[in-house]
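What follows is each chain in one-letter form.
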Amino acid sequence: MNQDNQNKTRKRIVTSTGLPVNEIGKLPPQSVELEEAVLGAMLLEKEALSTVIDILSPASFYKEQNGKVFNAIVNLFNRSEPVDILTVTQELKRSGELEFVGGSYYVSALTNRIASSANIEFHARVVAQKFLQRELIRIGTETIKTAYEDSTDVFELLDHTTQNIFEILDNNVRKQHDKMSTLIVKALDEIDAAANQKDGLLGVPSGFTALDRITGGWQKSDLLILAARPGMGKTAFVVTMAKNAAVEFNKPCAIFSLEMSSVQLVKRLISSETELPQDKILKGNLEPYEYQQLHERIKKLSTAPLYIDDTPALSIFELRAKARRLKENQKIELIIIDYLQLMSGGPDGKGNREQEISQISRGLKSLSKELEIPIIALSQLSRQVENRPGGSKRPQLSDLRESGAIEQDADMVMFIYRPEYYGLEVDENNEPTRGKAEIIIAKNRHGALETVKLRFIGQYAKFADLDYNEGQDSIYSSNTPQSLEQNTDFLASGTKTVQSKNWDKPEDNNNDIIKRNDIDDVNNPF
């Protein structure tokens, strides 16, 4: 028999179910018998319907007629109408699909496939697994076919394939419910863990004392939005925060920088850690002692568990893939995204920009719950802040740009406000605003709405506690080369009182001045 005749014979082969074998001689994964058994059980018992309804969808069925019957059952269920042979037949007749599925005889015959619904959940999961296998085959076949074409953009193909796989996971792999007894144990464990923390920080610390006192650290599964107008210091704030978590508390963090390159971000980190001005680091205009200070202070930074990805126009699907790998391989505990509006929803580009931002926002919240880590996403504010009548330019939730879904999906929304940005030298309390910033917590699902005041040091691109003094941790450190040391010789000589220029006359009464016993004449103290 020649090759053509063999091919014709192969195409004519059919199975016992009447389904033809495909051209390559293999049947797609399927179990028509179990599909019919599941539908029969749903027609017989109401409990079976509740068990199966969230496991399968019409697309899960290999035989299209079975998918139509299942869809009719779901429509009746959604309308809270009875489900039996007669109502399903009537629903199929109403939609014009009764003849396509095989008439009322086929619907009634489904109940003969099974005696009870005892194993209905197991049968339904087998049907769902067969569907997943078929979907993986479909995606793999499309990928192979497209990869052979010379005009294919390989990165778009990767993105598209990843998106399809994640869609299968989202639509078919669902987390099951938990019993209250199990949840109570988990909750008590977390309460005990929080009680045993001396500093009260159960989550990932920000490194800012006042902020951590309110939040208790960034909590697992939370989506946090940090928004501000351009130039307020969004990137400086999260970079400082990531440095604090990674360097001071050894918490692995990942930064996805869509706006700045990795090296630019690292230069900011170096300026913040070494307290050397950014312009000096950028130009390399450093004195010898500053070079020494640079190399000494970046030692801890170079070994910190901090990971930076500067992929531009990152899609939510790429982010999920990268985040999962980082979680698995590096055990990251915090993700920072700079910033949300620079992300893309995916290769399809369906809908307007507001819908795309909503999709990204929902994807970030879903990812934080899946990985059980906090995600901090930076966001731009609209120009409404600048045009708001009156003196106050403090941002509000309504100022979030492009989508109301951002504030809905977020567990916490924070704004950065610096009065000196708008040329205000004093605040409402007549206090100077120079070098001061406010972190406004406008939404907080876990606590109070507060405003935290921090210090902003622009030349180092860093934020710090309000009472922070530059170099306070290292100015007297013996580990720092050529660091300042106390002049013990001067201290040993005792305290001397010197006449001030503000004294009126030498003969005035100076009894309020404390003097050493060996210095009697204030006009000649030495």
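(A) Region of the structure containing the pattern of salt bridges. Summed over all chains, the structure comprises 19 salt bridges. Here Glu142 ties to Arg138 by a salt bridge, and the two come within 3.4 Å at their closest N and O atoms. Here Glu142 and its partner Arg138 are both found in helix H8 (residues 120-147), four residues apart, which amounts to about one turn of the helix. Judged by its relative accessible area of 33%, Arg138 falls in the partly exposed class. Note that Lys462 is salt-bridged to Glu275, the shortest N-O span being 3.4 Å. On the criterion of sequence distance, the pair formed by Lys462 in strand E9 (residues 462-465) and Glu275 in the loop between helix H13 (262-274) and helix H14 (278-283) is long-range, its members being 187 residues apart. The network of salt bridges with common partners includes Arg79, Glu81, Glu91 and Arg94.

(B) Representation of the nonpolar core within the structure. In this structure, Trp218 and Phe237 are the most contacted members of the largest nonpolar core, which totals 82 residues. Here the element with the most residues in this core is helix H12 (residues 234-248); it accounts for nine residues. The contacts of Trp218, once residues within four sequence positions are left out, are Gly203, Val204, Ser206, Leu211, Leu224, Met241, Leu334, Pro374, Ile376, Met412 and Met414. With 33 residues, the next largest nonpolar core counts Val38, Leu39, Ile120 and Ala128 among its residues.

(C) Region of the structure containing the side chain of Lys243. Within the secondary structure, Lys243 sits in helix H12. Those residues within four positions of Lys243 in sequence are excluded, and the remaining contacts are Glu248, Leu269, Ser272, Glu273 and Leu301.

(D) The arrangement of the environment of Gln133 in detail. By the element assignment, Gln133 lies in helix H8. Separated by 104 residues in sequence, Gln133 and Pro29 place their C-alpha atoms 6.4 Å apart.

(E) Main features of the confidence of the model for the protein. Residues of the protein with pLDDT of at least 70 account for 79%, and the chain-wide mean is 77. The secondary-structure element of the protein with the lowest mean pLDDT is helix H1 (residues 3-12), recorded at 44, while strand E2 (residues 253-257) shows the highest, at 91. Note that residues 473-486 has pLDDT below 50 and, in this model, 13 contacts with residues that lie over four places away or in other chains.

(F) Inspection of empty space enclosed by the protein at higher detail. Counted under the stated rule, the structure contains one cavity of 30 Å³ or more. If you add up the space inside the largest cavity, you get close to 70 Å³. Here the lining of the largest cavity gets three residues from one element, more than from any other, and that element is strand E7 (residues 436-444). In terms of residue class, the lining of the largest cavity is built from three nonpolar, one polar and four charged.

(G) Representation of the packing of H13 against helix H15 (residues 288-297) in the model. Viewed as axis vectors pointing N to C, H13 and H15 meet at an angle of 105 degrees, and their least axial separation amounts to 9 Å. As the angle between them shows, H13 and H15 are arranged roughly perpendicular. Residue-level contacts link Ile270, Glu273 and Thr274 of H13 to Gln293, Leu294 and Arg297 of H15. Residues belonging to the contact of H13 with H15 are distributed by class as follows: two nonpolar, two polar and two charged.

(H) Seen up close, a nonpolar patch on the surface. A cluster of nonpolar side chains, Met180, Leu183, Ile184, Leu188 and Ile191, forms an exposed patch at the surface whose accessible area comes to about 480 Å². For Ile191, the location among the structural elements is in helix H10 (residues 180-195).

(I) Summary view of the sheet that holds E9. Across the sheet, which stays open at both edges, the nine strands sit in the order E3-E2-E4-E5-E1-E6-E7-E8-E9 with mixed pairing between neighbours. The open sheet terminates on both sides in strands that have one partner only, identified here as strand E3 (306-309) and E9. The mean inter-strand angle of the sheet, taken between neighbouring strand axes irrespective of direction, is 25 degrees. Summarising the sheet, E2 and strand E4 (residues 334-338) pair through five bridges and their orientation is parallel. Looking across to E4, one finds that Cys253 is bridged to Leu334. Its contacts with the sheet put H12 on strand E1 (223-228), E2, E3, E4, strand E5 (375-380), strand E6 (412-417), E7, strand E8 (451-457) and E9, and the angle it makes with E5 is roughly 165 degrees. Lying on the sheet, H13 is in contact with E2, E3 and E9; it crosses E3 at an angle near 145 degrees.

The rules we used
- Residue numbers restart at each chain and count upward from 1, following the sequence in its written direction.
- Reporting of local features is limited, given that this is a predicted model, to residues whose pLDDT is at least 70; pairs of side-chain atoms are given and counted only at 80 or more, and all residues count toward the totals for whole chains, interfaces and linings.
- Heavy atoms throughout the structure, all of them, feed into the side-chain values; hydrogens and water do not.
- By convention in these notes, a salt bridge is any Lys or Arg side-chain nitrogen within 4 Å of a carboxyl oxygen on Asp or Glu.
- Only DSSP runs of H or I covering at least 4 residues are called helices, and only runs of E covering at least 2 are called strands; the numbering of each starts at the N terminus.
- Burial here depends on accessible area, computed with a 1.4 Å probe over protein chains only, as a share of the maximum for the residue type. Under 20% is buried, over 50% is exposed, and the range in between is partly exposed.
- Among the buried residues, those of types Ala, Val, Leu, Ile, Met, Phe, Trp, Tyr and Cys that are joined through side-chain atoms within 4.5 Å form a nonpolar core.
- A contact between two residues is defined here by any heavy atoms of the two lying within 4.5 Å.
- pLDDT expresses how confident the predictor is about each individual residue, on a scale running from 0 to 100.
- Put simply, the grid is 1 Å and covers the protein atoms alone, a cavity is a trapped set of points that fit a 1.4 Å probe, a pocket is an open set with protein on both sides within 12 Å along at least five of seven lines, and lining residues have an atom within 4 Å of a point.
- Grid points are joined across faces, edges and corners, and a volume is the space filled by probe spheres set on the points.
- Polar here means any residue outside two lists: the nonpolar Ala, Val, Leu, Ile, Met, Phe, Trp, Tyr, Cys and Pro, and the charged Asp, Glu, Lys and Arg; Gly therefore counts as polar.
- Between N-to-C directions, angles cover 0 to 180 degrees, with each direction set by a line fitted to C-alpha atoms, over the stretch in contact for helices.
- Between 65 and 115 degrees an angle is taken as roughly perpendicular, under 35 as roughly parallel, over 145 as roughly antiparallel, and anywhere else as oblique.
- Two joining distances apply to patches: 9 Å for like charges and 5 Å for nonpolar side chains (Val, Leu, Ile, Met, Phe, Trp, Tyr), and every residue must have over 30% relative accessible area and no salt bridge.
- All accessibility values rest on the Shrake-Rupley procedure with a 1.4 Å probe; residue burial counts only the protein chains present in the view.
- Only when DSSP finds a minimum of two bridges between them are two strands counted as paired.

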